[in-house]
Amino acid sequence: MRSYWALARGSFMVGLVYRFGFLFSILGNIIYLGVAYYLWRSIYQGAETLRGLTFNETYLYVALGSTVFILLKTYADWEIAYEIREGIIAVHLTKPLDLQLLMLAYSLGATLMNLAAITLPTVLILTLVFKVSIPLGLGLALFPLSLLLALLISFCFDYFVGLLAFYIDSNWGISMTKEIIITVLSGALIPLQFFPAGLQAVLRWLPFQAIYHTPLMLVTRPDQGWETFLPMLGVQATWAVVLVVLTRLFYGQAIKVLRIAGG
Amino acid sequence: MRTLARYLRLYFIIEAQYIKARMQYRADFLVSSIGMFFSSLATLAVFWILFNSINDLAGWTFMEMVFIYAFYMIAISPMQILFDHFWQLRFHIRQGTFLKYYFRPLNMMFYYMSEMFDLKGLTQLLVGIGLLIYASTQLEISWTAARVILLLVTLFSAALVQVAVVLIATCAAFWVVDSWPVLGLAWKLREFAPYPMSIFDGAFRFTFTYIIPIGFVAFYPSQLFLRPEQVSPLVYASPLIGIALFALMYWIWTQGVNSYTGTGS
Amino acid sequence: MSLIHIQDLSKHFKILNRRQGLGGAFRDLFSGDYRTVRAVDGIALDIQPGEIVGYIGPNGAGKSTTIKMMTGILKPTAGTITVNGQVPYANRIRQAQIMGVVFGQRTQLWWDLPVIESFKILKEIYRVDQATFDRHMEVFEKLVGLKELYSQQVRTLSLGQRMLCDISASFLHNPQVVFLDEPTIGLDVSIKAKIRSVVSELNRVRGTTIILTTHDLGDVEALCRRIIILDKGKILFDGPTKKVTSLFGAYRTLKLQIDDFDDTTLSSLREKLAGRFGRDHGVTVASIEELWTDVTIDQARTPLSDVLNFIMKTFPVFDVRIVEISMEKVVQQVYEGALG
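Residues numbered from 1 in each chain as written. Chains lettered and ligands numbered in written order. Predicted model: local features only at pLDDT ≥ 70, side-chain atom pairs only at ≥ 80, totals over all residues.

Trainee: When you look at the overall build of chain A in this model, what are you seeing that I'm missing?
Mentor: Helix and strand counts for chain A come out as 10 helices and 2 strands. Within chain A, the fraction of its 263 residues that count as buried is 40%. For chain A, contacts bridging at least 24 residues in sequence account for 81% of all contacts bridging at least 6. (Helix = DSSP H or I, 4+ residues; strand = E, 2+ residues; numbered from the N terminus. Buried ≥ 20, exposed ≤ 12 C-beta atoms within 10 Å, placed from the backbone. Contact = placed C-beta atoms within 7 Å.)

Here it is as structure tokens:
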């Protein structure tokens, strides 16, 4: 009887939980959007522009940033580290599949799901509840391409940190450190324009801003021409290629640990 | 009182063993502490960047924000260090392993939470203390004995508020199979605690003050030290709020523990 | 006076009748359409100090629900239950002090700590004094050879070692009653024997009452003088194990895979066996799993080897397994009046 009880209870709650979970994540988003609204409103304090950005632009950047953040979090670092520790990785190696592509495919799937379940509702809330207008322009059209490149770069960081599990027992600390560095330096929380000038100059050359700042700027200021967007996308694409190559080289090194030590 | 002494002694014995076992992975501890250090400073880094463009945030200077943030760091560290096992509750409940906590002649919450002692959380505490000392020196806050006592009392009650908010969300696991969204929401709300509540108005301020009172984790009690002349009487009630909220959380926990029948065998 | 006294005990759960589809799931949110499941349905029993009782039954019979009521986790829907004269759920902590519990699959020791540290922590939790602790540890050392495991982390123990440690730990505070849930599950024969001898020795030395739930009739046969068979929340049988084992201990099931199995195979097998061994031969034929034909034999009446030889000669058998009688089979036989 006990097992029937458990089954019935379980299926009831699983049925309940999807709507329940969805509701809570939407609620969480609304609260975040609200908090960000009040925060930036009191930062602007009626000023027309700050650092060349209007309140509407900055708020759109920050609000959209929160959902893009969810889109680009691949969790590949946790996933790979888990598989390495549990020895599941060996199973992958017996298959005629490329680990990096496999993991990327997983991440892409999750991103698409989040796009439908979280990003689109958030954009709706932004426009309907918070009355934020989303400007149209060339940048908006380039946004999907830029997002894809951003995902690739973000994935490479996660993948790299995941592979470190070949060398260390637990990568909680490294994952955490990576997360914080990317979150702060990529402009995920604040547009790069707000950073001190010196820091900004350095950050423009690093791959972090290519993850959040570039795609978000495309949406925030879409009314510019190719001469602005092409270099931005160029930097993104370059970083994507460089990081893919580097992580592949690193994988070749890391996998030797497994081959020698036997997982 | 005898019970309290016994539990303290037990806690000490269990955690001493845990720390000993953990210390076998010294590199892991080191790397985790570094991760914790960076994550402790993330929000502060955001404030620092913002204050490049503004002079004050709703009337609060950067150094005052550092003080509030330091208060927040210290107030959330007991949760991190002593209650870190809460993350696993939903897995224990779903897999039926929660049953074992019923079989010892111990308070169940004590027994459950004693199975984890998060050493890296000490980093959070140290960062908080360091920042508090730095900010209060910069702000020239004079620490009289009475103020130090007030600080300890308010920190204690702020910690109770924070623990209560997160654990109430955690208790959802007793009734819902996948309680992550509830917990995730509470965890996210907690991150807004160091913001000046005065930037909010309407429903938000009401919610953060009366419904999910994260304002009492850092902002309101900090006012006692930053702007004692402007403090609203409600702030003096913060120890009561902490105790009441903790009691409510414990009641919900007890309800959950009683309603759980142990799915699976 | 009996240690455990149970009278008219029932535990009913309410389960929501789920509707189909998304709309149905939404209506379920507000639905009051429950059906009652009687997990335990009016049982009565008394257990005396020092007894080892086998508490058996198929999955979902209500064993675990009864145990949870005895240990004070669940509150009964109706009826009375006292352990050591006290109502278990009225004061869980007081009750936990006089009980020990072992779950077959999951350790209750501290996963990351060395074995000896777990025992030291238990010593503090149960307030065992040093002299008693030392005396008990000596007993465990003699019975289990615990000392060589002292410095090992619990996580590194084998399943059998872990079980021995868990069982020892459950006796550390000299409880009046110990609940053992599937203590031999997943273990090989030699470890099973070891565990059985340790349990029976601890019971003999300490006089501890033991309630054993298991799927392995061998455990019951080796340890328990008394057996309680439970099914669908009711007690089917409560009496001497001997009576059950004399009946079922003799039973073995031949599991056969027969070539060219078709609709007629079962009936032709039945007929041929009846022709060879007579109608009242204690041999029954059934097909429960696909591909496998079960022939259950009462060895008291017909030797297993004879049946096997006969079948092998008469039918194109390509695989054979011999298994002891299953719990489900025992319950089925009891229903059919086997215990009179």
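That covers the picture; the talk isn't over yet.
Trainee: Explain the overall build of chain B to me, please; I cannot follow it from the model alone.
Mentor: When helices and strands are counted, chain B shows 12 helices and 0 strands. Ordering the α and β elements of chain B from the N terminus gives α-α-α-α-α-α-α-α-α-α-α-α. The C-alpha radius of gyration of chain B comes to 19 Å, within 12% of the 18 Å expected for a compact globule of 265 residues. Considered along the principal axes of its C-alpha atoms, chain B spans approximately 60 × 45 × 40 Å. The proportion of buried residues among the 265 residues of chain B is 40%. A separation of at least 24 residues holds for 80% of the contacts in chain B among residues at least 6 apart in sequence. (Rg over C-alpha atoms; globule rule 2.2 N^0.38 Å.)

Trainee: Sorry if this is basic, but what is going on with the packing of helix α2 (residues 55-72) of chain A against helix α5 (residues 99-128) of chain A here?
Mentor: Helices that pack against each other are described as a pair by the angle of their axes relative to one another and the distance between those axes. All names here are of chain A. Contact geometry for α2 and α5: axes closest at 9 Å, N-to-C directions at 170°. Between α2 and α5, the interaxial angle falls into the category roughly antiparallel. Packed against α2, whose contacting residues are Ala63, Thr67, Ile70 and Leu71, the element α5 presents Thr111, Asn114, Leu115, Ile118, Thr119, Thr122 and Leu126 at the interface. For the contact of α2 with α5, the residue count by class is 6 nonpolar, 5 polar and no charged. (Axes fitted to C-alpha atoms, helices over the stretch in contact; angles between N-to-C directions. Parallel < 35°, antiparallel > 145°, perpendicular 65-115°, else oblique. Nonpolar A, V, L, I, M, F, W, Y, C, P; charged D, E, K, R; others polar.)

Trainee: What's the story with the environment of C:Ile195 in this structure? I'm lost.
Mentor: Residue and element names in this part refer to chain C. Along the chain, the position of isoleucine 195 falls in helix α7 (residues 189-206). Looking at isoleucine 195, the number of C-beta atoms within 10 Å reads 22, which means it is buried. Each C-alpha atom, one on isoleucine 195 and one on glutamine 161, is 9.7 Å from the other, the two residues being 34 residues apart in sequence.

Trainee: Sorry, what's going on with the sheet that holds strand β12 (residues 292-298) of chain C here?
Mentor: Strand pairing within a sheet occurs via backbone hydrogen bonds; the two strands may be parallel or antiparallel. Residue and element names in this part refer to chain C. Read from one edge of the open sheet, 4 strands run β11-β12-β10-β13, paired in antiparallel fashion. Looking along the sheet, the strands with just one partner apiece sit at the ends: β11 (283-286) and β13 (317-324). Here the strands of the sheet are splayed against their neighbours by 20° on average, with no regard to which way each runs. Looking at chain direction, strand β10 (residues 251-258) and β13 are connected through 7 bridges and run antiparallel. If you follow leucine 254 over to β13, its bridge partner there is isoleucine 322. Relative to the sheet, helix α10 (residues 265-277) contacts β10, β11 and β12, its axis offset from that of β11 by approximately 175°. (Pairing = 2+ DSSP bridges.)

Trainee: How should the packing of helix α7 (residues 145-171) of chain B against helix α8 (residues 180-190) of chain B be read in this particular structure?
Mentor: Residue and element names in this part refer to chain B. Remark: α7 packs on α8, axes separated minimally by 7 Å, with the N-to-C direction vectors making an angle of 160°. Taken together, the axes of α7 and α8 are roughly antiparallel relative to one another. By crossing handedness, the relation of α7 to α8 is classed as right-handed. Touching Gln162, Val165, Val166, Ala169 and Thr170 of α7 are Val182, Leu183, Leu185, Ala186, Trp187 and Arg190, all from α8. Residue composition of the contact of α7 with α8, by class: 8 nonpolar, 2 polar and 1 charged. (Left-handed = near helix turned anticlockwise from the far one by under 90°.)

Trainee: What is the right way to look at the nonpolar core in this model?
Mentor: In a soluble, globular protein the nonpolar side chains are often hidden away together inside. Ranked by internal contacts, the top residues of the largest apolar core, which has 133 residues, are A:Ile153, B:Ala70, B:Tyr72 and B:Ala75. Considering every element that reaches this core, the biggest residue donor is helix α6 (residues 138-163) of chain A, with 15 residues. Filtering out sequence-adjacent residues up to four positions away, A:Ile153 remains in contact with A:Pro207, A:Ala210, A:Ile211, A:Trp239, A:Ala240 and A:Leu243. If you look at the next biggest cluster of nonpolar residues, it comprises 72 residues, including C:Ile195, C:Ile229, C:Leu230 and C:Val331. (Core = buried A, V, L, I, M, F, W, Y, C linked by C-beta atoms within 7 Å.)

Trainee: What's the story with the sheet that holds strand β8 (residues 226-231) of chain C in this structure? I'm lost.
Mentor: Residues and elements named next belong to chain C. Taking strand neighbours across the sheet as the criterion, the 6 strands line up as β5-β6-β7-β3-β8-β9 in an open arrangement whose pairing is mixed. Edge positions in the sheet fall to β5 (99-103) and β9 (234-240), since each has one partner strand and no second. On average, each strand axis in the sheet is inclined to that of its neighbour by 15°, with strand direction left out of account. Direction of pairing for β8 relative to β9: antiparallel, over a ladder of 6 bridges. Within the sheet, the bridge partner assigned to leucine 230 lies in β9 and is isoleucine 235. This element, helix α6 (residues 159-171), spans β5 and β6 (177-181) of the sheet and lies at about 165° to β5.

Trainee: Just to check I follow, could you spell out the environment of C:Val177 for this structure?
Mentor: One can find C:Val177 in strand β6. Contact partners of C:Val177, with chain neighbours within four places excluded, come to C:Leu3, C:Ile4, C:Val83, C:Ile98, C:Met99, C:Thr208, C:Thr209 and C:Ile211.

Trainee: It is not clear to me how unusual backbone geometry should be interpreted in this structure. Could you clarify?
Mentor: A negative phi holds for most residues other than glycine; trans holds for most peptide bonds. Its identity is not glycine, yet A:Tyr75 carries a phi of approximately 60°, on the positive side. If you trace the backbone, A:Tyr75 turns up in the loop between α2 and α3 (76-86). Phi is positive for C:Asn84, close to 55°, though the residue is something other than glycine. Residue position: C:Asn84 is located in the loop between β4 (78-83) and α3 (92-97). On the basis of neighbour count, C:Asn84 is assigned to the partly exposed category, with 18 C-beta atoms found within 10 Å.

Trainee: Explanation requested: helix α6 (residues 121-138) of chain B in the structure shown.
Mentor: Residues and elements named next belong to chain B. Compared with an ideal rise of 1.5 Å per residue, which puts 18 residues at 26 Å, α6 spans 26 Å between its outermost C-alpha atoms and is within 8% of the ideal. Among the residues making up α6, those that are buried are Gly121, Thr123, Gln124, Val127, Gly128, Leu131, Leu132, Ala135 and Ser136. Contact partners of the buried residues in α6: α2 (26-50) and α3 (62-82). Two residues or fewer after α6 comes glutamate 140, characterised by a positive phi angle close to 55°. (Expected span 1.5 Å × (residues − 1).)

Trainee: Teacher, can you tell me more about the environment of C:Lys147 here?
Mentor: Residue and element names in this part refer to chain C. Checked against the element boundaries, lysine 147 lands in the loop between α5 (130-144) and α6. Its 14 C-beta neighbours within 10 Å are what place lysine 147 among the partly exposed residues. For the pair formed by lysine 147 and methionine 137, sequence separation is 10 residues and the distance between their alpha carbons is 8.7 Å.

Trainee: Which parts of the structure should I look at to understand the confidence of the model for chain A?
Mentor: For any part of a model where pLDDT is low, the fine detail of the predicted coordinates should not be relied upon. For chain A, per-residue confidence averages 83 on the pLDDT scale, and 89% of positions sit at 70 or higher. In the predicted structure, residues 3-17 of chain A sits below a pLDDT of 50 and forms 30 contacts with residues beyond four places in sequence or in another chain. (pLDDT = per-residue confidence, 0-100.)

Trainee: Looking at this structure, I do not really get the confidence of the model for chain B. What am I missing?
Mentor: Residues and elements named next belong to chain B. On average, residues of chain B carry a pLDDT of 90, and 98% of them reach 70 or more. Ranking the elements of chain B by mean pLDDT puts helix α11 (residues 233-236) last, at 86, and α3 first, at 96. Our summary of model confidence lists the complex with pTM equal to 0.84 and ipTM equal to 0.87.

Trainee: What exactly am I supposed to notice about the pairing of β12(C) here?
Mentor: Two faces belong to every sheet, and in a regular strand the side chains alternate between them. Residues and elements named next belong to chain C. Alternating positions in β12 separate cleanly, Thr293, Val295 and Ile297 being buried on one face and Trp292, Asp294, Thr296 and Asp298 remaining unburied on the opposite face. Pairing analysis gives 4 bridges linking β11 to β12, with the strands arranged antiparallel. Residue pairing across strands places threonine 284 opposite threonine 296, the latter belonging to β12.

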